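# A look at the structure
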Amino acid sequence: MTKRSYDDIIHLPHHVSVVHPQMSLYDRAAQFAPFKALTGYEDDVEETARLTDERIELDEERIEQLDARLQLLEEHLADSPTVSITYFQPDARKDGGSYETVSGIVKKIDTVRRVIVLRDGREVAIGDVYGISGELFSTMEAW
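The following refers to the structure shown.

Once that is clear, we can look at the overall build of the protein chain. When helices and strands are counted, the protein chain shows three helices and five strands. Across the protein chain, helices and strands are ordered from the amino to the carboxyl terminus as α-α-α-β-β-β-β-β. In summary, the protein chain has a C-alpha radius of gyration of 33 Å against a globular reference of 15 Å for 143 residues, an excess of more than 25%. By its C-alpha atoms, the protein chain is 110 × 30 × 25 Å across when sized along the principal axes. Going through the 143 residues of the protein chain one by one, you find that 22% of them count as buried.

Before going further, it helps to spend a moment on the packing of aromatic side chains. Inspection of every chain in the model, using the stated rule, returns two aromatic pairs. Geometrically, the ring pair formed by Tyr99 and Tyr130 is edge-to-face, given 5.6 Å between the ring centres and 65° between the ring planes. Of this pair, Tyr99 sits in strand β2 (residues 97-110) while Tyr130 sits in strand β5 (residues 129-134), placing them 31 residues apart in sequence. A residue is classified by how much of its surface remains accessible, and Tyr99, at 26% relative accessible area, is partly exposed. Members of the aromatic cluster, connected to one another through ring pairs, are Phe88, Tyr99 and Tyr130.

Reading guide: rules and limits
- Residues numbered from 1 in each chain as written.
- Predicted model: local features only at pLDDT ≥ 70, side-chain atom pairs only at ≥ 80, totals over all residues.
- Heavy atoms only, no water.
- Helix = DSSP H or I, 4+ residues; strand = E, 2+ residues; numbered from the N terminus.
- Rg over C-alpha atoms; globule rule 2.2 N^0.38 Å.
- Buried < 20%, exposed > 50% of the residue type's maximum accessible area, 1.4 Å probe, protein only.
- Phe/Tyr/Trp six-rings, centres within 6.5 Å; stacked < 30°, edge-to-face > 60°.

This is the structure in structure tokens:
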């Protein structure tokens, strides 16, 4: 009969440590699970693929029209006008952003902080405003 490898140790009892607890089968299998060498790579790819809009530079005519609407709005604050404000929301993670529209009753126009404050507490920076519409402006020339 030929001697095979490990014949001298194959029938020895299995060693069990009295100091270290035995690893569960789940933890033991997890050691051999696939390893993600590029942690966060998929998130970076998704972030790069996410599209943002560029801020539209307002011309002088548009700025004058917005100023006229803000003045009219300020004159009629006591009437609690409801408006829709379209503004540029800068993206926190990359260049660009998106245009969003909020509607509500204007509470005040804070000229020191340069924000329009709505009754529900939302604020829109005047420098980010692209357009203001509402019933109050129905007599003004359309733009």
